[in-house]
Amino acid sequence: MKKFNIRKVLDGLTAASSSSSATAQPGTPRENDVVQETLQSEHFQLCKTVRHGFPYQPSSMAFDPVQKILAFGTQTGALRLFGRAGVECYCQHESGAAVIQLQFLINEGALVSALADDSIHLWNLRQKIPAILHSLKFNRERITYCHLPFQSKWLYIGTERGNIHIVNVESFTLSGYVIMWNKAIELSTKTHPGPVVHISDNPMDEGKLLIGFECGVVVLWDLKCKKADYRYNYDEAIHSVAWHHEGKQFVCSHSDGTLTTWNIRAPAKAAQIITPHGKQPKDGKKPEPCKPILKVEYKTTRAGDPFMVLSGGLSYDTVGRRACLTVMHGKSTAVLEMDYPIVDFLTLCETPYPNDFQEPYAVVVLLEKDLVLIDLGQIGYPIFENPYPLTIHESPVTCCEYFADCPAELIPALYSVGSRQKRQGYSKKEWPISGGNWGQGTQSYPEIIITGHADGSIKFWDASALMLQVLYKLKTAKVFERARSKEEKPSTDIVEEDPFAIQTLSWCPESRMLCVAGVSAHVIIYRFSKQEITTEVVELLEVRMQSEFSDGDSPDPGGAQTPTLPNPSSSPQESEPPTQPSTGTNSSDGPRHNIPCLQVRSSPLKQSPGYQVELVIQLVWVSGEPPQPITSLAINSSYGLVVFGNSNGLAVVDYLQKSLLLNMGTSELYSPSDPYQRQPRSPRKARQPSGALCDSNDGSNTSEDRCKSPTSDAKDNSFTRSRSSSVTSIDRESREAISSFHFCESFPRKTDSLVSPCLLVGTTQGTVMMVALSLPPGGDQRLQQPVGIFSCGTLVTLKGDILTMAVLDATGTLLPPSYEPWYDPNASDEEKEKSRKRRPASPPSSQEGQDSQFAVLCSEKQAKVVAMPSQTRIYKHNITETSFVLRADVVLMGGANCIACFCANGHIMTLSLPSLRPLLDVNYLPLTDMRIARTFCFSNLGQALYLTSPTEIQRITYSQETCDNLQEMLSELFTPVETPEAPNRGFFKGLFGGGAQSLDREDLFGETAAGKASRSLAQHIPGPGSMEGMKGAASGVVGDLARARIALDERGQKLGELEERTAAMMASAESFSKHAHHMMLKYKDKKWYQL
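About the criteria used
- Residues numbered from 1 in each chain as written.
- Predicted model: local features only at pLDDT ≥ 70, side-chain atom pairs only at ≥ 80, totals over all residues.
- Heavy atoms only, no water.
- Helix = DSSP H or I, 4+ residues; strand = E, 2+ residues; numbered from the N terminus.
- Buried < 20%, exposed > 50% of the residue type's maximum accessible area, 1.4 Å probe, protein only.
- Contact = heavy atoms within 4.5 Å.
- Salt bridge = Lys/Arg side-chain N within 4 Å of Asp/Glu carboxyl O.
- Polar contact = N/O pair within 3.5 Å; in protein donor to acceptor, adjacent residues only side chain to side chain.
- Phe/Tyr/Trp six-rings, centres within 6.5 Å; stacked < 30°, edge-to-face > 60°.
- Lys NZ or Arg CZ within 6 Å of the ring centre and 35° of its normal.
- pLDDT = per-residue confidence, 0-100.
- Core = buried A, V, L, I, M, F, W, Y, C linked by side-chain atoms within 4.5 Å.
- Pairing = 2+ DSSP bridges.
- Axes fitted to C-alpha atoms, helices over the stretch in contact; angles between N-to-C directions.
- Disulfide = S-S within 2.5 Å.
- Arc of directions from axis to C-beta.

Asker: Tell me about the overall build of the protein chain, residues and numbers included.
Answerer: Scanning the protein chain from terminus to terminus reveals 13 helices and 59 strands. Here the protein chain holds 1091 residues, and the buried ones make up 55% of them. At a minimum sequence separation of 6, the contacts of the protein chain that also span at least 24 residues come to 60%.

Here's what the structure looks like:
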């Protein structure tokens, strides 16, 4: 066949007017047959939309009690903000430094973040995508603690050197007012007090600042008088400090597990010292030291005892005990065990005013891998039911699929069965973090995300309207017997851990059929039912797939090779348990043979409404060789077939008859055959002595290399989709594996004029083969007559692994695989018959000499379009020369179809169909993690996603329309809310001055009073969210004006620096002049010999 080199064809033009169109060949579309393509480059744009899941490696937390918004900072510089269910936001600090502290400007729609690189940033939350307004980078001192009083614009910053600097959060400029460590501590102290670990103002007197130093010294500083009023000393390091709301007492938590309570006017001795978890010795001595109390909060109530909440402080003899939060209320002490270490906690209170009764109602506990909210208002402190999608990582994600524009009834159906799985015992109150508003998006189509996990579970998520909510969870491991201990683990396991991990899955949304392949070479087929059933015996089919024969070998002839397929009327549980050596051997003295990797449960299985097991297929060990991992999988509900492949070949299973139809080596597919004429590869070969080994082409690969769990990406970053792709090895393995399947209604042979059911098979060597399917008529005949299968040989070859295949009709419209509408398998026969109608094949028949279909084939290197039935290649596009495609999908976009590709070099590309014109090529995300490669998937309508961290899903769009409407679709964090009224001081307190003392901080910290701070101490950086940050974005006259103003500002800054230097020189000159004058007066009347 003549080669083409078509780069750009049919850009909305006809073939006649296109200069780059191909030379007409038999079978190529003629001028009047050319497909008019509607998709253009301007329909595509790439941008991130939302990020879901638990913040990866959280490091800090803050809460706005008026706006009711919760913020998290992470060790990678990310910010995640949450309001009511469905209101969430993600932003990122450019530096990527860890966020050490967050402070809300309460009810102002702003947030201050302090980073480990000694920078502080002011975020504007009044816009849907928050932006930094100002940044301040400290040059000489390291930031250790920040404090922003309620309704104040002055931010206190404590440093590692023990000093406190003050920043105006409006202008992000430093005040000249500094509290130096040597002024704060006693002059007699010989050692440095250590870093500042706490700053807070007295709730009743804003003029008094409490400063905690790491060494155990606490200082009450008088801001007006610029001196220390009191100093409180304790001989153990301080971790945190908390005030009583009346401002007369405070509590410190220490490194020896003690809490010290101090009266502010009695600095000599602590009013109370307690060790909450310490054992009290009988002789009155000090209790044994405990682990440090990392944080304490002291909250008062009007009607009862105050709450003291603390983390840490357990005794040292509780080795191995999980992290605990302790709630002390009156005489009761509750110790609440957590699943993960505690990062931080906050007590949520009714009032934002620190000088009022706090009335705590909940505690937010941020754990390393979870978020827990404890209800303080109910007995037993129950937790609130968390509405956020934070359980993506409950078990590590091993595979992911995304379905946009699903059938409308799917989400309600999944929700109804999933709602029965919810735990009981939650708090009866509403989730208290209720800020923000949902976006007003125009996207109304249903979207579903399916995640497969290392523990064998599968989760279905509702991803509609940029939100995420778990719908239903399926546990595939229930089908198998579980080993109770390590000793009982079967020696047939081919993975050391996570034997139930999900490798890949195939789902038909219309029929709701689900097929799952696991890492232990097992396939499970599920049907969806709304009724509960008990399955007495889980139906099992064992398949024996072995490596290819070498040239000198041939299969055993005739009768010895007859497949032992079960009679449809008999039970398909054809294999005896491995304990019976008549069929399988697992003895220590011989190689394992005909043994599956996992044991299917023998006891009855109660199956709740939802997905219920239809059939389990297991690959077995062959002569000591473990089964190869399953690399590809497909199910078709219309045909009642499941097909799966690995590096040994492919197997086709009829799940209606519970029988194995085909078990064929990859090389055998190359030669066309008639149905049932070739020797079929049996699921069980004729029984031979276990020593009779077949030759294997797989000498280079050890069983350990081939059979790794998908979760081992954390350990070895290996791919699990295709073992022989160029990702894992530069030198391709000689073995050819099956990499993809596609069921379709097409033309199996060039001579066919009518479409019939087909299976396209793609391999890791770039070959696409056609397999014809002959289906019996429907009804009872379908369950009794066999399905005919015959190979039609090679259709086309491409470079690299075949990733995706599809079929288009003559107008360029995608022809989806036919499906059977869903029916409840446990419903009455009448109801089944109503819905059980196979969807008719939509492709028309082909007229003689005219092609009526296009086969679209995409590999990791190139894409080709082949006309059917002539099998003439009409378009070809080399996607990448230096890299390779990791994921490719044929997707619907703007009413037309295109191929979407994600390359290992980070490029996301789209190609038009059928002409393969490049429409989008954006360098988006270099492949830094194999997790991204394994989980990246495209869906219809311009949607895509991937796992950006072990706990988070990042959704992106490649649709211009979605990018344009993104602002409307995103949720709003800030909503106008009235600030609660300040607490009433009362008549007598007002009369005698007993209420809260206010302070005009402007008078103290402003430039007129405190002067300017040293310019070398910190550098001010305007953020992109501020006017100064519009330098690059501004254009036209407005941009020129902005640039002129910025230039003036910069000139003013330089002039200011020059002025400062001049002033310093003048001061130096004046000092020298004074010194010289003093010397002259001293020696004025002395003679020369008196000098």
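Asker: Can you lay out unusual backbone geometry for me, pointing to particular residues and giving the numbers?
Answerer: A cis amide bond links Met-868 with the next residue in sequence, Pro-869, at an omega value of 10 degrees. Note that Pro-869 resides in the loop between strand E50 (862–868) and strand E51 (872–878). With omega at 5 degrees, the peptide bond leading from Leu-913 into Pro-914 counts as cis. Considering the arrangement of structural elements, one finds Pro-914 in the loop between strand E54 (907–912) and strand E55 (918–923). The phi angle at Gln-151 is positive, at roughly 60 degrees, despite the residue not being glycine. Following the sequence through the fold, Gln-151 ends up in the loop between strand E10 (143–147) and strand E11 (154–159). The phi dihedral of Glu-359 is positive, around 50 degrees, even though this residue is not glycine. On the secondary structure map, Glu-359 appears in the loop between strand E26 (342–349) and strand E27 (360–367).

Asker: Could you give me a rundown of the pattern of salt bridges, with the residues and numbers involved?
Answerer: Under the defined criterion, the tally for this structure stands at 27 salt bridges. A salt bridge links Lys-208 to Asp-205, with the nearest nitrogen and oxygen atoms 3.8 Å apart. Neither Lys-208 nor Asp-205 differs from the other in exposure class; each is buried. Measuring nitrogen to oxygen at the nearest pair gives 4.0 Å for the salt bridge that ties Asp-752 to Arg-749. Judged by its relative accessible area of 19%, Asp-752 falls in the buried class. Residue Arg-749 is classed as partly exposed on the basis of its relative accessible area of 35%. A single network of salt bridges, built from pairs that share partners, joins Arg-51, Arg-80, Glu-88 and Glu-952.

Asker: Let's hear about helix H9 (residues 960–969): which residues, and what values?
Answerer: Taken as a whole, H9 has its buried residues at Thr-962, Cys-963, Asn-965, Leu-966 and Met-969. On its buried face, H9 is in contact with strand E1 (44–53), strand E57 (943–949) and strand E58 (952–959). With a side-chain oxygen lying 3.3 Å from the backbone nitrogen of Glu-961, the N-terminal cap of H9 falls on Ser-959.

Asker: Can you break down the packing of aromatic side chains residue by residue, with the values?
Answerer: Applying the stated rule across the entire model yields 23 aromatic pairs. Between Phe-150 and Tyr-353, the ring centres sit 4.9 Å apart and the planes meet at 80 degrees, which makes this aromatic pair edge-to-face. In this pair, Phe-150 is assigned in the loop between E10 and E11 and Tyr-353 in the loop between E26 and E27, connecting sequence segments 203 residues apart. An aromatic cluster is present here, built from Phe-403, Phe-460, Tyr-472, Trp-507, Phe-528, Tyr-611 and Trp-822 joined pairwise through their rings. Directly above the ring of Tyr-90 sits Arg-51, whose terminal nitrogen or CZ lies 3.7 Å from the centroid. Just above the ring of Phe-345 sits the side chain of Lys-295; from NZ or CZ to the centre is 5.2 Å.

Asker: Give a detailed account of the environment of Pro-195, specifying residues and quantitative values.
Answerer: When you line up the elements, Pro-195 lands in the loop between helix H1 (181–184) and strand E14 (196–202). In the structure, Pro-195 is positioned 51 residues away from Thr-144 in sequence and 6.9 Å away in space, judged by C-alpha atoms. In this view, Pro-195 contacts Thr-144, Thr-159, Glu-160, Gly-162, Gly-212, Phe-213 and Glu-214; residues no more than four positions away in its chain are not counted.

Asker: Give me the lowdown on the confidence of the model for the protein chain, citing residues and values where you can.
Answerer: Per-residue confidence for the protein chain gives a mean pLDDT of 82; residues scoring 70 or more make up 77%. In the predicted structure, residues 674–733 sits below a pLDDT of 50 and forms 153 contacts with residues beyond four places in sequence or in another chain. Low pLDDT, under 50, characterises residues 838–843; the stretch is placed with 16 contacts to residues that sit more than four places away or in other chains.

Asker: Now, about the nonpolar core: what can you tell me, with residues and values included?
Answerer: Considering soluble globular proteins, one finds that nonpolar side chains tend to be buried as a cluster. Core analysis: the largest hydrophobic core is formed by 36 residues, its most contacted members being Phe-460 and Tyr-611. Residue contributions to this core peak at five residues, all from helix H2 (residues 410–418). Leave out the neighbours within four places in its chain, and Phe-460 touches Leu-414, Ile-448, Ile-449, Ile-450, Gln-469, Val-470, Leu-471, Tyr-472, Trp-507, Leu-514 and Tyr-611. Leu-886, Ile-908, Ile-932 and Ala-944 belong to the second-largest nonpolar core, a separate cluster that totals 25 residues.

Asker: Could you give an account of the sheet that holds strand E56 (residues 937–939), with specific residues and numbers?
Answerer: If you trace the four strands from one edge of the open sheet to the other, you get E1-E58-E57-E56, paired in antiparallel fashion. Each having just a single partner strand, E1 and E56 make up the two edges of the open sheet. The sheet shows a mean angle of 25 degrees between the axes of neighbouring strands, taken without regard to direction. Here E57 runs beside E58; their pairing, made up of six bridges, is antiparallel.

Asker: Residues and numbers for the sheet that holds strand E29 (residues 397–404), please.
Answerer: With antiparallel pairing, four strands are arranged side by side in an open sheet as E29-E30-E31-E32. Across the chains shown, the open sheet's two edge strands, defined by having one partner strand only, are E29 and strand E32 (469–475). Pairwise comparison of adjacent strand axes, ignoring direction, gives a mean angle of 15 degrees for this sheet. Pairing analysis gives five bridges linking strand E30 (residues 447–453) to strand E31 (residues 457–462), with the strands arranged antiparallel. Paired with Ile-449 across the strands is Trp-461, a residue of E31. Contacting E30, E31 and E32, H2 crosses the sheet at an angle of about 65 degrees to E32.

Asker: Tell me about the pairing of strand E7 (residues 110–115), and name the residues and values.
Answerer: The side chains of a regular strand alternate, first on one face of the sheet and then on the other. Among the six residues in E7, six count as buried, and that is most of the element. Because side chains alternate across E7, one face comprises the buried residues Ala-110, Val-112 and Ala-114, and the other comprises Leu-111, Ser-113 and Leu-115, equally buried. Direction of pairing for strand E6 (residues 99–105) relative to E7: antiparallel, over a ladder of six bridges. Opposite Leu-105, over in E7, you have Ala-110 as the bridge partner. In terms of strand pairing, E7 meets strand E8 (residues 119–124) through five bridges, oriented antiparallel. Bridge pairing in E8 links Ala-114 to Ile-120. Linkage of E7 to E8, two consecutive antiparallel strands, is achieved through a turn of three residues, within which Asp-118 is found at a positive phi near 65 degrees.

Asker: Can you break down the side chain of His-277 residue by residue, with the values?
Answerer: Secondary-structure assignment places His-277 in the loop between strand E21 (272–274) and strand E22 (293–299). The class of His-277 is buried, set by a relative accessible area of 16%. A polar side-chain atom of His-277 sits 2.8 Å from a polar atom in the side chain of Thr-326. Residue contacts for His-277: discarding those within four places in its chain leaves Cys-290, Gly-312, Gly-313, Leu-314, Ser-315, Thr-326 and Val-335.

Asker: Give a description of the environment of Leu-294 that names residues and reports values.
Answerer: One can find Leu-294 in strand E22. When the C-alpha atoms of Leu-294 and Ser-255 are compared, they prove to be 7.6 Å apart, with 39 residues separating the residues in sequence. Aside from chain neighbours lying at most four places away, what touches Leu-294 is His-239, Ser-240, Ser-253 and Ser-311.

Asker: Run through the state of the cysteines, naming residues and quoting values.
Answerer: Applying the stated rule across the entire model yields zero disulfides. Distance from the sulfur of Cys-399, which forms no disulfide, to the nearest cysteine sulfur (Cys-400) is 7.4 Å.

Asker: Describe the side chain of Arg-735, with residues and values.
Answerer: Turning to its location among the elements, Arg-735 is positioned in the loop between helix H5 (713–716) and strand E44 (738–746). When its relative accessible area of 10% is taken as the criterion, Arg-735 is described as buried. Of note is the side chain of Arg-735, whose polar atom sits 3.2 Å from the side chain of Ser-647. A polar contact is formed between the side chain of Arg-735 and the side chain of Asn-648, at a distance of 3.1 Å.

Asker: Before we move on, could you go through H2 and cite the residues and values that matter?
Answerer: Since one α-helical turn is 3.6 residues long, residues separated by three or four positions face the same way. Taken residue by residue, H2 has Leu-410, Ile-411, Ala-413, Leu-414, Val-417 and Gly-418 as its buried positions. Buried residues in H2, looked at end-on, bunch into an arc of 165 degrees, giving them a common side. On its buried face, H2 is in contact with E30, E31, E32, strand E33 (502–508), strand E35 (522–529) and strand E39 (610–619).

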